[in-house]
Every structure is written in C-alpha cells, then in structure tokens.
Amino acid sequence: MTIAVQVSRSVPAKTGAIGIPVALDGPIPASVGMSRAALKSIGFEGKREQTLVLAAAGRSSAVRILIGVGKLSTVDESSMRLIAAALARAAKKHDSLCTTLAGIGRMDRKTAAQAVVEGATLATHRYGDLKNDKDFSAKLKLLTLVTTDAASSATKAGVVRGKVIADAVCQARDFANMPPAYLTARMFADKAVDIAKATGLTATVYNRDQLKAMGCGGMIGVNKGSVEPPRMVKLEYTPAGSGAKIVLVGKGVMYDSGGISLKPSNESHAIMKMDMSGAAAVLATMSTLKTLKCKTKVTAYLMCTDNMPSGGALKLGDVLTMRNGKTVEIHNTDAEGRLILADGLSLAAESKPDAIVDIATLTGAIIVAIGEKVAGVMGNNQSLIEQIKGSAMRTDEPVWQLPLIDEYKKGLDSVVADMRNITSGGGAGSITAALFLREFVADVPWAHLDIAGTMDVRGDEGWHNRGATAFGTRLLVDLVTNFRKPSRK
Ligand code: BES
Ligand code: MN
Ligand code: ZN
C-alpha cells in the first residue's frame, strides 16, 4: 500500500497533521504562531529537512509539523524530494497529512508536485508483508497538497506523474526485497503478466522449451543447475504514432548462488535475492508508460532464472551458443548475468531499435570502482550515454561513465570458443563485463547500467528505506519519456 494523494484549495476539515514549510529566510507563516527568535530558541531554524512537531492550535485538531526547507532560493526538484521525505517521515504515525509544500521553490508547479509525491511516497513505503509488528509500516494513507487556484491544474498533473512513478518504484522495491521462495522466475513472470494487463502492455512469456527453440543458450545454460524453470518476459508498449523505438533489457537472476563457482555464505550472499533488481526496474518502468502518455515505443525483455549449483549445473569449460550464434566458454559460473543478458540483447538488436539499454546488478567490481551511491554506465554510443546522464541528474539516480577500453577485450579470448565469460585477471571487471555485452548488440546504439552497488541501502536515508532501492526505475522512466533518437556514434 502506498499513499493516496489529492489536490485541494483548502485544508481538509479532518486531517491528522499539517505540514508547514518554514524557510531559513523570509517571514514565518502566521499559522506557526511563533516568531523566528522563539523558534530558534527551541532549536528550529528551518534548515533543510529539519522538523518540529507542534500541538494543534485554534479550531483544528491537527498536529502541526514544521518542515525546514533551507534557503527558499535553493529549493529545487532534488531538495524538494528530500524535504517531502523528511516531512512524511515526521508524519508517519498520522493517517493523513496536508501541506502547502508543493507551492514553494522556483521550479514549475508540476515538477514541484511530482517531487513532493515521490519524496513522501518513497520515504514511507516499506516491504512489511512478513513483519508481525504492525508499527513497522507507516500509518500515512492520504496526502493532500493544498494549492492556489492558479497552480491547481499543474499540481494535479504533477501528482499523476509522481504517483504512478513512485508506486512503480515501491512495487520494484517489494519484488527485490521478497525472499527468493516468494518470487521465483515463474511467479515473477505471472506478476509481470498481471501488471501488463493492468497497465496497457502486451506480455509474452517464454518457457524453457521455447527459449531452447529460440537458441537462447545463455538462459538455458545458467538455468541448468536450478529446479526452478526459467522465464523470459517480453513486454511491449505501443503508442499511437511513429515515435522512436527503444528496447530495455533487465537482468532477472532471482537468486544468484554463484552456481558451482559458489559464493561464500556471508552478508553479500543473502542479498543475492536482489539480483533481479534490473528486471524489476524495467517492469516498473514499463508499468508507467501508458499513464504518462509516453510517445516512445518501448519493448522490454526480463531475463529471469536462478543461478544454482547441482549435478546438472553448468560446468567450467562448458561452451554455450548464444541467441546471436556466438559461442562462450564458461570460466566462472558466477559471471552469469552477462550470459542471460547476451540472449536478451541479441533479441533486442534483431528488431533494429533506435537504442537498447540494459540494466543489471552485474559486477561486484563496480562497487570497488565507484562505490554504492552511483551506478556505472557504459556503452557504444556517446549521444545515448549523454541522454542517460541527463536523466540521472534529473531523477537523482546518479551514474558515472566508465570507458570501454578495446584492448581489454583480448582478455576474453578463448582457446575453443569465440570468447570466454570472464578474463583471467587484469582488473576492470565492470568494463570487461560490458565489453562482453557489446558483442551482442550488433551496431545498435546501446548503453549498459551496472547497478550492483546501488541496488540496496543499509539504513533509512532521504527518500530511501533500508533494503532494495529499485535504482534505475525513475531514471529509465525519465529516459524513455524524453527519448530522442541518438545520433549514430
Ligand atoms: N550478481 C553478481 C554481482 C553483484 C555483486 C551484485 C554484489 C550485487 C552486489 C554477479 O552475478 C557476480 O557474481 N559477478 C561476479 C563476476 C565475477 C565472477 C567475474 C563478481 O562481481 O564477483
Ligand atoms: Mn553471479
Ligand atoms: Zn548475478
């Protein structure tokens, strides 16, 4: 459950809490009933994300929550999201919250409302299905944005956009947080079909036999050790008109044990249920497009399977033939993401779209290189990468580009096959993984997002809560809804 949002020109008669924005500068709103000096004496200056709860006053029974916004002139889309998150956290024990927050700052009212809805929704949503503690989930069910007449229609438009995007992110977070037994490839495919039906997409599910017949050797190979069969889900969003066409490919490893190259049983092993975060972000993105009236034609491939060891599992030295005919010698079964993406990228390239973007929790090496607060981006087309950087900036889902050094490709040479799935040493594991992927996109403009570092957070921070982040969902929504055909090269 996420928060319902409404737009109103006045404070509703019954509201649990009223959020009053207070800046570091300018006058204090009359409803606060205190001077700046008095507020300061109890430690509230109006610094960004600072909150102060005051008892109800006057005829209203609503608790007043002062929410600091910092200097008024500094409030932008990104700080607005954080401010709304702080306000919603402070109001989480109330069933309803009403605020004029979306009326401040210098951005347009649609952008402001979208940011407030995103911040409030994302900061209060938690995956609570398996918790007995009823206080674990926020009580907040209704957010009312109070606006002037003039701002009303833009605010409403921002609410629609913010709501559909934030709800999709919450859904993707839930999928990634779910234990592996609660979300197998089959279950995920079933849910994707339900979501597709509800959001105006066409869905086609491919089972093991179909994948085999299609020559998807990567999917079949990675799935070999698992008792759970694989699924590939193709989703299609087809708007009217002849807009640009983009294909998204998501890594959906429902659980990555490493296969016979077994991972150690440490903390990092337990979060490998989140190795389907790329596929979840792609599904979530797709679910928003009709509501957002996206003009770009978007096709998605969710590549779903476990990676498990067993008597039937993939062995080192085995050679797989991928969908595009290239042969790959396995040198580490834990480098499985690139094997399933290879088939998805090949299929994507066959349809000759204007661009392909894949998103994957692909390498631990990306964490070594750039840490956990930024995702890696690589690709064969700078114009596409620049669009991704723009979307990343706007959505606060930061990316950093790494170079595809052609010389490193030598490390993937195999004695018996076209290439091997890992290099033997040489470092730059995220780059060599991307070089591997590049072999499957033909000459289509392509970019790859490595979200291994950003897939989860350890604590509640800003508009994130401990656990899965669904990183990339908001970035991809921004990308596909603003997409322009990249120039060739
Ligand atoms: N799913 C992992 C990458 C990962 C690591 C995701 C940490 C999230 C957090 C991927 O399949 C993997 O195991 N990669 C190997 C590649 C190596 C064998 C070349 C890795 O990073 O160790
Ligand atoms: Mn792995
Ligand atoms: Zn993996």
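## Brief notes about the environment of G427
Turning to step 1, where the next piece is worked out: Mapped onto the fold, G427 is located in the loop between strand 16 (419-420) and helix 13 (429-438).
Turning to step 2, where the next piece is worked out: In this structure the C-alpha to C-alpha distance between G427 and Y408, which are 19 residues apart in sequence, comes to 9.4 Å.

## Details of the site of ligand 1
Turning to step 1, where the next piece is worked out: Contacts to ligand 1 come from 16 residues, most closely from K263, D275, D334, E336 and G364.
Turning to step 2, where the next piece is worked out: In isolation ligand 1 exposes 510 Å². Once the protein is present, 80% of that is buried.

## Looking at the coordination of the zinc ion (ligand 3)
Turning to step 1, where the next piece is worked out: Each protein donor to the zinc ion (ligand 3) is listed here as K251 (NZ), D256 (OD), D275 (OD) and E336 (OE); together their distances run 2.0 to 2.4 Å.
Turning to step 2, where the next piece is worked out: With six donor atoms in place around the zinc ion (ligand 3) and angles of 77 to 171° between them, the coordination shape is octahedral.
Turning to step 3, where the next piece is worked out: Donor residues for the zinc ion (ligand 3) sit on one chain with the sequence pattern K-x4-D-x18-D-x60-E.
Turning to step 4, where the next piece is worked out: In this structure, the zinc ion (ligand 3) lies 3.2 Å away from the manganese ion (ligand 2), the two metals sharing D256 as a donor. Separated by 61 residues along the polypeptide, D275 in the loop between helix 8 (267-270) and helix 9 (277-288) and E336 in the loop between strand 12 (327-329) and helix 10 (337-350) bring together distant segments of the chain. Take D275 and E336: they sit in the same class, and that class is buried.

## Looking at the pattern of salt bridges
Where side chains of opposite charge bring their charged atoms close, a pairing between them can arise.
Turning to step 1, where the next piece is worked out: All chains considered together, the criterion is met by 26 salt bridges.
Turning to step 2, where the next piece is worked out: Ionic pairing is found between D460 and R126, a salt bridge with its closest N-O pair at 2.7 Å. In this pair, D460 sits in the loop between strand 18 (456-457) and strand 19 (467-468) while R126 sits in the loop between helix 3 (109-124) and strand 6 (142-146), placing the two residues 334 residues apart along the sequence.
Turning to step 3, where the next piece is worked out: D460 sits in the partly exposed class, given a relative accessible area of 42%.
Turning to step 4, where the next piece is worked out: Looking at R126, the relative accessible area reads 22%, which means it is partly exposed.
Turning to step 5, where the next piece is worked out: Among the ionic pairs, E350 bridges to R323, the shortest N-O distance being 2.8 Å. Residue E350 is found in helix 10, and its partner R323 is found in the loop between strand 11 (319-321) and strand 12; the two are separated by 27 residues along the sequence.
Turning to step 6, where the next piece is worked out: Taking the relative accessible area as the measure of exposure, E350 reaches 43% and is therefore partly exposed.

## Some details on the coordination of the manganese ion (ligand 2)
Turning to step 1, where the next piece is worked out: Distances from the manganese ion (ligand 2) to its protein donors, D256 (OD), D334 (O), D334 (OD) and E336 (OE), fall at 2.0 to 2.2 Å.
Turning to step 2, where the next piece is worked out: Each donor residue of the manganese ion (ligand 2) belongs to the same chain, and together they define the spacing D-x77-D-x1-E.

## Describing the sheet that holds strand 11
Working definition: the strands of a sheet are paired by backbone hydrogen bonds and lie parallel or antiparallel to each other.
Turning to step 1, where the next piece is worked out: Spatial strand order, 11-12-16: three strands in an open sheet with mixed pairing. Edge strands, defined here as strands with exactly one partner in the open sheet, are strand 11 and strand 16.
Turning to step 2, where the next piece is worked out: With three bridges connecting them, strand 11 and strand 12 associate as antiparallel partners. When the bridges of strand 12 are listed, V319 appears paired with E329.

About the thresholds
- Residues numbered from 1 in each chain as written.
- Chains lettered and ligands numbered in written order.
- Predicted model: local features only at pLDDT ≥ 70, side-chain atom pairs only at ≥ 80, totals over all residues.
- Heavy atoms only, no water.
- Helix = DSSP H or I, 4+ residues; strand = E, 2+ residues; numbered from the N terminus.
- Near = heavy atom within 4 Å.
- Areas by Shrake-Rupley, 256 points an atom, 1.4 Å probe, with all protein chains shown as cover.
- Donors = N, O, S within 2.8 Å, 3.2 Å for Na, K, Ca; no water.
- Tetrahedral: all angles 85-135°; square planar, octahedral: opposite > 155°, others 65-115°.
- Buried < 20%, exposed > 50% of the residue type's maximum accessible area, 1.4 Å probe, protein only.
- Salt bridge = Lys/Arg side-chain N within 4 Å of Asp/Glu carboxyl O.
- Pairing = 2+ DSSP bridges.

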